Amino acid sequence: MTRIGIIAGSNRPGALNPQVVDWVKAQLDERGVENEVLRYADFDLPILDEPIPGGAHQYQNAHTVAWGAAVEPFDGYIVVTPEYNHSVPGPLKNAIDFVGTEFAHKPVAFASYGADKGVRAVEAWRLAFANFRTATVRGTASFSIFTDFTDGAFAPEEVSAQTFEPMLEDLLAWAEGFKTVRAAQG
């Protein structure tokens, strides 16, 4: 069975992220997709403190080893990302910078939100994940803080929510295909 890791993109107090993460998880659960939420905050990661870049997979700190082991076992990922200041949230970028090879030859999709639905964060993430030999799914599930949240509660409009299914279909298809690639790599 294909396993999808849902990477929570913010641990800021009062963040909207947990609501969007819960919604994404519910969508996967309803479709019978095996999944798990990954919260970088659970690993107490400091500002990047590895002397060797994550792509080398030569981790020297226990927190990096634990975070990498948590990320590794999935066939694909959905990154639930806010857009902060026209880009990615710094703490999530820091967490992703710790690792690298764990994402190789796997697809990543995005559920984003922000004033402009988080599209600039997604574009920045595409560049970062390309460095890991990761394929990013073209479609995104994108939500506006003005129309998809009501009184601070996540309540996606149908036009926004309907973007999730085609994105998920591509993610699952690519995840299956990349299993072959990873098997050939040994």
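Below is a short write-up of the structure. Computed from a predicted structure; not experimentally measured. (Residues numbered from 1 in each chain as written. Predicted model: local features only at pLDDT ≥ 70, side-chain atom pairs only at ≥ 80, totals over all residues. Heavy atoms only, no water.)

1. What about the environment of Thr140?
For Thr140, the position within the fold is in the loop between strand E5 (135-136) and strand E6 (141-144). A sequence separation of 14 residues divides Thr140 from Arg126, and the C-alpha atoms of the two residues are 12 Å apart. With near-sequence residues (within four places) excluded, Thr140 lies in contact with Phe110, Val122, Arg126, Thr163 and Met167. Reaching out from Thr140, the side chain makes a polar contact with the side chain of Ser142 at a distance of 2.7 Å. (Helix = DSSP H or I, 4+ residues; strand = E, 2+ residues; numbered from the N terminus. Contact = heavy atoms within 4.5 Å. Polar contact = N/O pair within 3.5 Å; in protein donor to acceptor, adjacent residues only side chain to side chain.)

2. A short note on the packing of aromatic side chains
Using the criterion set out here, one finds 14 aromatic pairs in the structure. Seen from their ring centres, Phe103 and Phe129 are 5.1 Å apart, and the 85 degrees between their planes marks the pair as edge-to-face. You can see Phe103 sitting in the loop between helix H3 (90-98) and strand E4 (107-114) and its partner Phe129 sitting in helix H4 (residues 119-130), a full 26 residues away along the chain. When sorted by exposure, Phe103 lands in the same class as Phe129, which is buried. On the numbers, 6.0 Å between centres and 55 degrees between planes, the contact of Tyr113 with Phe149 is tilted. Of this pair, Tyr113 sits in strand E4 while Phe149 sits in strand E7 (residues 149-150), placing them 36 residues apart in sequence. This pair shows no difference in class: Tyr113 is buried, exactly as Phe149 is. One aromatic cluster is present, formed by Phe74, Tyr77, Phe103, Phe110, Trp125, Phe129 and Phe132 through successive ring pairs. (Phe/Tyr/Trp six-rings, centres within 6.5 Å; stacked < 30°, edge-to-face > 60°. Buried < 20%, exposed > 50% of the residue type's maximum accessible area, 1.4 Å probe, protein only.)

3. Thoughts on the pairing of E4
Counting buried positions along E4 yields eight of eight residues, so the element is predominantly enclosed. Covered by surrounding structure in E4 are Pro107, Ala109, Ala111 and Tyr113 together with Val108, Phe110, Ser112 and Gly114, the residues of both alternating faces. In terms of strand pairing, strand E3 (residues 76-82) meets E4 through six bridges, oriented parallel. Following the sheet pairing, Val79 is matched in E4 by Phe110. Between the parallel elements E3 and E4, the chain passes through H3 in a crossover that is right-handed. One ladder, built from two bridges, connects E4 with E5; its direction is parallel. Bridging from a neighbouring strand, Val108 pairs with Thr136 of E5. Sheet topology note: the E4/E6 ladder contains four bridges and is parallel. By the bridge assignment, Tyr113 is partnered in E6 with Phe143. (Pairing = 2+ DSSP bridges. Right-handed = clockwise from strand over helix to strand, strands pointing away.)

4. A closer look at the environment of Leu92
As for its placement among the helices and strands, Leu92 is situated in helix H3. When the C-alpha positions of Leu92 and Arg39 are compared, they lie 9.4 Å apart, and in sequence the two are 53 residues distant. Excluding its chain neighbours within four sequence positions, the residues that come into contact with Leu92 are Ile7, Ala8, Gly9, Tyr40, Val79, Thr81 and Trp125.

5. Quick word on the environment of Ala109
Summarising the element assignment, Ala109 is placed in strand E4. The exposure class assigned to Ala109 is buried, which follows from its relative accessible area of 0%. As a C-alpha pair, Ala109 and Tyr40 span 69 residues in sequence and 18 Å in three-dimensional space. The contact partners of Ala109, leaving out residues within four places of it in the chain, are Tyr77, Ile78, Val79, Val137, Met167 and Leu171.

Keep in mind that these numbers describe shape and distance, not what the molecule does.
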